[in-house]
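Close look at the chain arrangement
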Amino acid sequence: MKLVQTVSEMRALCRSAKLSGKRLGLVPTMGALHAGHLSLVHAARSRSDVVAASIFVNPTQFGPNEDFARYPRNLEDDCTILEREGVEFVFAPSVDEMYPKGAVTWVTVEGLSDRLCGKSRPGHFRGVTTVVAKLFHIVEPDFAFFGQKDAAQHAIIRHMVRDLHMPVSVEVCPIVREADGLALSSRNAYLGAEERKSALVLHRSLMRVQQLYQSGDRDSAKVIAAVKNEFAAEPTVRLDYFEIVNPDTLEPQSRVEGRTLVAVAAFAGKTRLIDNVVLGA
Ligand code: AMP
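As the structure is a prediction and not an experimental result, all values here were calculated from the model.

**Some remarks on the side chain of Arg272**
- Positionally, Arg272 belongs in strand S9 (residues 271-279).
- Looking at Arg272, its side chain comes within polar contact range of the side chain of Ser120, at 3.3 Å.
- A polar side-chain atom of Arg272 sits 2.9 Å from a polar atom in the side chain of Asp240.

**Some thoughts on the site of the ligand**
- Every one of the 17 residues lining the ligand counts as a neighbour, but His37, Gly147, Asp150, Val176 and Leu184 are closest to it.
- Between the ligand and Met30, the relevant distance is 2.9 Å, taken from an oxygen atom to a main-chain nitrogen or oxygen of the residue.
- For the ligand, an oxygen atom lies 2.9 Å from a polar atom in the backbone of Gly147.
- Relative to its unbound accessible area of 480 Å², the ligand is 93% covered by the protein chains.
- Looking at the shell around the ligand, the elements with two or more residues in it are strand S2 (24-29), helix H2 (35-47) and strand S5 (143-147).

**Points about the pattern of salt bridges**
- A full pass over the atoms with the stated rule returns 21 salt bridges.
- Among the salt bridges present, the one from Arg45 reaches Glu88, with a minimum N-O distance of 3.1 Å. Taken together, the positions of Arg45 in helix H2 and Glu88 in the loop between helix H3 (75-84) and strand S4 (89-91) put the pair 43 residues apart, joining distant regions of the chain.
- Residue Asp163 is joined to Arg162 by a salt bridge in which the shortest nitrogen-to-oxygen separation is 2.8 Å.
- A single network of salt bridges, built from pairs that share partners, joins Arg204, Arg208, Glu230 and Glu234.

**Notes on the domain arrangement of the protein**
- Splitting the protein by domain gives domain 1 (2-173) and domain 2 (186-276).
- Relative placement of domain 1 and domain 2: their C-alpha centres are 26 Å apart.
- Listed as interface residues are 24 residues of domain 1 and, on the opposing side, 17 residues of domain 2.
- Summed over both partners, the interface of domain 1 with domain 2 buries about 1,800 Å², with 50% contributed by carbon and sulfur atoms.
- Remark: the boundary between domain 1 and domain 2 carries 4 salt bridges.

**Examining the sheet that holds strand S8 (residues 260-268)**
- If you walk across this open sheet you meet the 3 strands as S7-S8-S9, and the pairing is antiparallel. For this open sheet the edge positions go to strand S7 (237-245) and S9, each flanked by a neighbour on one side alone. Shown here is a sheet whose adjacent strand axes are inclined to one another by a mean of 15°, direction ignored.
- The strands that helix H9 (residues 200-214) touches are S7, S8 and S9; relative to S9, the one it contacts most, it runs at about 20°.

**Focus on the side chain of Asp67**
- Tracing the backbone shows Asp67 in the loop between strand S3 (50-55) and H3.
- Here Arg187 takes part through its side chain, which lies 2.8 Å from a polar atom of the side chain of Asp67.
- Excluding residues that lie within four positions of it along the chain, Asp67 makes contacts with Phe62, Arg187 and Tyr190.

**Digging into the sheet that holds strand S1 (residues 2-4)**
- Taking strand neighbours across the sheet as the criterion, the 6 strands line up as S1-S4-S3-S2-S5-S6 in an open arrangement whose pairing is parallel. Edge strands, defined here as strands with exactly one partner in the open sheet, are S1 and strand S6 (169-173). Averaged over all pairs of adjacent strands, the angle between their axes in this sheet comes to 25°, without regard to strand direction.
- With 2 bridges connecting them, S2 and S5 associate as parallel partners. Each bridged residue has a counterpart across the sheet, and for Gly25 the counterpart in S5 is Phe143.
- The strands touched by H2 within the sheet are S2, S3, S5 and S6, with S5 carrying the most contacts at an inclination of about 155°.

**What about unusual backbone geometry?**
- Even without being a glycine, Glu140 presents a positive backbone phi close to 50°.
- Phi at His165 takes a positive value of approximately 55°, unusual for a residue other than glycine.
- Mapped onto the fold, His165 is located in the loop between helix H7 (151-163) and S6.
- Classification of His165 as exposed rests on a relative accessible area of 68%.

**Focus on the pairing of S6**
- In this sheet, S6 lies alongside S5 in parallel orientation, the contact comprising 5 bridges. Each bridged residue has a counterpart across the sheet, and for Phe146 the counterpart in S6 is Val172.
- Handedness of the S5-H7-S6 crossover: right-handed.

**Remarks on the packing of helix H1 (residues 7-19) against helix H6 (residues 124-139)**
- Where H1 meets H6, the closest approach of the two axes is 8 Å, and the angle between their N-to-C directions is 55°. The pairing of H1 with H6 is recorded here as oblique in orientation. Across the interface between the two elements, Val7, Met10, Arg11 and Cys14 of H1 pack against His137, Ile138 and Val139 of H6.
- Classifying every residue of the contact of H1 with H6 gives 5 nonpolar, 1 polar and 1 charged.

Cut-off values and rules
Residues numbered from 1 in each chain as written. Predicted model: local features only at pLDDT ≥ 70, side-chain atom pairs only at ≥ 80, totals over all residues. Heavy atoms only, no water. Helix = DSSP H or I, 4+ residues; strand = E, 2+ residues; numbered from the N terminus. Polar contact = N/O pair within 3.5 Å; in protein donor to acceptor, adjacent residues only side chain to side chain. Near = heavy atom within 4 Å. Areas by Shrake-Rupley, 256 points an atom, 1.4 Å probe, with all protein chains shown as cover. Salt bridge = Lys/Arg side-chain N within 4 Å of Asp/Glu carboxyl O. Domains from an automatic or database assignment. Contact = heavy atoms within 4.5 Å. Buried area = accessible area lost by both parts, 1.4 Å probe. Pairing = 2+ DSSP bridges. Axes fitted to C-alpha atoms, helices over the stretch in contact; angles between N-to-C directions. Buried < 20%, exposed > 50% of the residue type's maximum accessible area, 1.4 Å probe, protein only. Right-handed = clockwise from strand over helix to strand, strands pointing away. Parallel < 35°, antiparallel > 145°, perpendicular 65-115°, else oblique. Nonpolar A, V, L, I, M, F, W, Y, C, P; charged D, E, K, R; others polar.

And the structure:
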């Protein structure tokens, strides 16, 4: 496994792999790897000849009062894990390497970037699409692997790839959960024991939605009201949003009909967590 820290070296390595006819898969991450990330690596391994993973805590997708400074970073452990997984290239650039001094160029997917997490985290998706566009230009992957956990993120990236004719296939992998249902996240490390317990309300609320769906409830307002009751019973968790939307446009749907994304974000203490389920798939 090769650890690469500069754009020029990463570009040269990836280009030479592709020139020798290899299919290249990219797994973009912010590190602090867990089994969710590894599921993407496994998917990449099964679809590609060469797997590249990036580890970059991207400052432009964090708001001024968010957790950029304290986001968990452990490059050494991450590299050990990725080496064990047989990943060929790990790209871990510095912030200065990814954002040359004076960089003022952004990639924005308008409209979608202001929905779901984009509403409560202004500028977040602009940071995501900008850094992912950079990674796509540097690596030029055939496939890029993203998790369903960040449902809005992959919808926005799919849109960007389509709009800008980027020659990459975006692959989406299912959410990996703990045994009790909590979606794996690098931010789970922030949770104290009590917060960890109360954070289960996110998954519980989505299971409730699934029950309602199975029993024939299709009215979004009614479903959302039922879910708000679940959160009212867990006062230590503050709901940010609970929305029922189209999984491609992220526009709200008044009825749960066709493929529907039900997405939730909430704070357990200071930790912001997200989760979702797709109905009618
Ligand atoms: P992050 O390091 O949080 O930016 O995540 C990197 C990639 O891993 C994103 O595509 C996420 O959607 C994906 N990911 C994070 N958590 C999970 C999970 N629990 N299951 C599946 N994919 C995940």
